[in-house]
Amino acid sequence: MTTLLATERIKLFTTRSPWWSIVAALGLTIGFAGLVALNHSEGRPLQVEHSQFGIQFGLVVVLVMAALAVTTEYRFSTIRATFQAVPNRSAVLVAKTAVVAVLAAVIGEIAAFGSWTVTRVIAGGPEMAIATGADVRMVAGVGLVYALAAVIAVAVGTLVRQSAGAISILLIWPLLVENLVQLIPGAGPHIHDWMPFVNAERFLNPPEFTTPPIGPWGSLAYLAGVAAALFAAAMVAVNRRDA
Amino acid sequence: MIEAVGLTKRYGKTLAVDNLSFSVPSGRVTGFLGPNGAGKSTTMRMILGLDTPTGGTALIDGKRYRDLQQPLRTVGALLDAKWVHPNRSARAHLQWLARSNRLPAKRVDEVLEIVGLTSVAGKRAGGFSLGMSQRLGIAAALLGDPQVLLFDEPVNGLDPEGILWIRKFMHRLAEEGRTVFVSSHLLSEMALTAQELVVIGRGKLISQSSTEDFVTQATENTVRVRSPQLAPLRSALGKLGVSIRDEGEALVVSGMDCADIGELAAREGVVLHELSPQRGSLEEAFMQLTGDSVEYHTEIAEPGVPATLTTAGK
């Protein structure tokens, strides 16, 4: 498995898209934190959550990067070269997902702590200290959320096999679908409670006005469950299909 | 040694490969010949475990591809030179392949040297010409120094120099005792490259023999005889049991050469107006054998003559 991890690492970093994604994800998150800090008025002191506004933009970039890591393999048929070199397709998918997820986690941690640091340097007061468990989750938890999002994106990319399709799904789902389900009369808010990215948000940033059915760690576990289910579906598909 | 046993692949209603059995010996170049759409690429993908057969098996040295440990050390294959990420350098492409089968990093430079790509190793593969891509594909196939090599239409779209290079290269690989299995839709090319031929049409085996046997069999010589006294000549030939075909004013005789027919005519007192040997070309022979099995006929083709034989395949 270490051989396969090394193989997938070489594959990932010898194309340009992960590098651009790293730059874009860090630029958007940390840059946005800087803008918020620069624009804040003296009256209200900044808190930890104010430094993390850009995290959702970084999440979108990570979703796209992770999906592309697999859809470009189908686009250029390097997936066939891969299965020719390593016929154990399950192992290939596990290694690829692991490498992408670890990169996503590292991006998430740098983005979160970078945003926090920038905000503190520009306009920080004692309120910016990471003091409570919620503060720790809000900052250190970003890596976990990004990693699980990457697993979801790799799985969707594997199932769809097509960049445009996979990216459309991965953008429209968290940005539109998860919000629009609230409009369904009656059941809407309950369905909303069980949307994966809503739960990602609740893990990082517990809602102030509604009472979620599960706590923040429950939300994260639920997100992980969704990721695991999609990954399992991708595993079945990749083994059953002709390459 | 590659062995296909009852290999079958069905896509919905289409039977792409139909109960195909053949074997590819080591130490020789074996051509895999068939018109476009005959199922050559599908068969090769099944041998490599990329496509799952609907029925039958393909074995390499007695093992299924999926059961091979570090398969690049056993089987090298070039199915499509474009299976490369265009933004990855030639060296990086070979590096990840080498890593996946625990091949030493220095092997990458060795194979780049063998195919003559050392000077462009750092360039992105997307900018390569077809000839260079083909060489990169061959470098990838050679990475693990495998005993079995598969090439799908390796000369397609290459210039004469590239074709010659690949042909010599295949011969060298076979002389080193390797199993070389190379597909093509061009019989003329295969006649020069391959010593053995597996011929298929519409997914079915048409013949497996040495190239020499295939060519002599397929291009069996005939003699065209024209005479104002066809009837006595026909009966004289008929007694000898040779096969005769009417062709307008003439007879086409096979199984007897010009000299014998001339002497026979003289003995029978038959006047001859023409006595000419007819040698079928390889292409004609191939068409004759696979003509019924060409999948796509074009409208401009003459009746019975498939028009897809010399057009590029994919």
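Residues numbered from 1 in each chain as written. Chains lettered and ligands numbered in written order. Predicted model: local features only at pLDDT ≥ 70, side-chain atom pairs only at ≥ 80, totals over all residues. Heavy atoms only, no water.

Counted only if it meets this: UniProt positions are given in the numbering used here, feature names are shortened, and annotations may be inferred rather than shown by experiment.
As recorded in an unreviewed UniProt entry, chain B goes by the name ABC-2 type transport system ATP-binding protein, listed as coming from Actinokineospora auranticolor. Database annotation for chain B, UniProt heading Sequence similarities (unreviewed entry): "Belongs to the ABC transporter superfamily."

As recorded in an unreviewed UniProt entry, chain A goes by ABC-2 type transport system permease protein and comes from Actinokineospora auranticolor.

## Some words on the sheet that holds strand 6 (residues 148-152) of chain B
Residue and element names in this part refer to chain B. The test is simple: Here, strands pair whenever DSSP counts at least two bridges between them. Counting from the N terminus, the helices are DSSP H or I runs at least four residues long and the strands are E runs at least two residues long. Structural elements are reduced to axes, namely lines fitted to C-alpha atoms, with helices fitted over the stretch in contact, and the angle between N-to-C directions of any two is expressed from 0 to 180 degrees. The contact criterion used is simple: two residues touch if any of their non-hydrogen atoms lie within 4.5 Å.
One open sheet accounts for six strands, arranged 5-6-7-3-8-9; its pairing is mixed. The open sheet has two free edges, formed respectively by strand 5 (75-78) and strand 9 (204-210), since each of these has just one partner strand. The average undirected angle you get between the axes of adjacent strands in this sheet is 15 degrees. Pairing between strand 8 (residues 196-201) and strand 9: six bridges, direction antiparallel. Looking at the pairing, Val198 lines up with Gln208 of strand 9. Each of strand 5 and strand 6 is contacted by helix 4 (residues 130-142), which is oriented at about 165 degrees to strand 5, the strand it contacts most.

## Side note on a nonpolar patch on the surface
All names here are of chain A. Stated precisely, the cut-off is as follows: Here, patches come from residues exposed beyond 30% relative accessible area and free of salt bridges, joined within 9 Å for like charges and within 5 Å for nonpolar side chains (Val, Leu, Ile, Met, Phe, Trp, Tyr). Shrake-Rupley sampling with a 1.4 Å probe provides the accessible areas, and residues are treated as covered by the protein chains on show and by no other component. Whenever Lys or Arg places a side-chain nitrogen within 4 Å of a carboxyl oxygen from Asp or Glu, that contact is recorded as a salt bridge.
On the surface, a cluster of nonpolar side chains totalling about 730 Å² of accessible area is made up of Leu28, Phe32, Leu35, Leu38, Phe53, Phe57, Val121 and Ile122. Residue assignment for the nonpolar patch shows that the elements contributing at least two residues are helix 2 (17-39) and helix 5 (89-123). By residue number, the principal contributor to the nonpolar patch is helix 2, which donates four residues. With respect to the secondary-structure elements, Phe32 resides in helix 2.

## Things to note about a positive patch on the surface
Threshold: Lys and Arg are tallied as positive, Asp and Glu as negative. Neither His nor the chain termini are counted. Charged groups are reduced to one reference atom each: NZ for lysine, CZ for arginine, CG for aspartic acid, CD for glutamic acid.
A grouping of A:Arg9, B:Arg73, B:Arg99 and B:Arg102 is seen on the molecular surface, where their side chains present a positively charged patch. Topologically, B:Arg99 is positioned in helix 2 (residues 90-100).

## Concerning helix 1 (residues 40-47) of chain B
Residues and elements named next belong to chain B. The cut-off we apply is this: Each residue gets one of three labels from its accessible area relative to the maximum for its type: buried under 20%, exposed over 50%, partly exposed in between, using a 1.4 Å probe on protein chains only.
With seven of eight residues buried, helix 1 lies mostly within the body of the structure. What helix 1 keeps buried is the set Lys40, Thr42, Thr43, Met44, Arg45, Met46 and Ile47. At the exit of helix 1 stands Gly49, carrying a positive phi of roughly 75 degrees.

## Structural notes on the packing of aromatic side chains
Think of a pair of aromatic rings as described by two things: how far the centres are apart, and how the planes are tilted against each other in angle. Rules: Working definition: rings of Phe, Tyr and Trp (its six-membered ring) pair if their centres are within 6.5 Å, and the pair is stacked with planes under 30 degrees apart, edge-to-face with planes over 60 apart, and tilted otherwise.
Throughout the structure, instances matching the rule amount to eight aromatic pairs over all chains. For the ring pair A:Phe13 and A:Trp19, a centre distance of 5.3 Å and an interplane angle of 55 degrees mean the geometry is tilted. The class for A:Trp19 is partly exposed, based on a relative accessible area of 46%. Measuring from centroid to centroid gives 5.0 Å for B:Trp165 and B:Phe169, while their planes differ by 20 degrees, and the two rings are stacked.

## Section: the interface of chain A and chain B
Note the threshold: By definition, the buried area sums, over both parts, the 1.4 Å-probe accessible area that each loses when the two are put together. Two N or O atoms form a polar contact when they lie within 3.5 Å of each other; inside protein one atom must be a possible hydrogen donor and the other a possible acceptor, and for residues adjacent in sequence the pair counts only when both atoms belong to side chains. The residue classification treats Ala, Val, Leu, Ile, Met, Phe, Trp, Tyr, Cys and Pro as nonpolar and Asp, Glu, Lys and Arg as charged. All others, Gly included, are polar.
Opposite the 23 residues of chain A that make contact, chain B presents 28 residues. For the chain A and chain B pair, buried surface summed over both sides reaches about 2400 Å², with 58% attributable to carbon and sulfur atoms. Applying the counting rule to chain A against chain B returns one salt bridge. The interface formed by chain A and chain B includes twelve residue pairs in polar contact (both at pLDDT 80 or more). Elements supplying a minimum of two residues to the side of chain A that touches chain B: helix 1 (2-13) and helix 4 (78-85) of chain A. Taken together, the residues of the side of chain A that touches chain B break down into nine nonpolar, nine polar and five charged.

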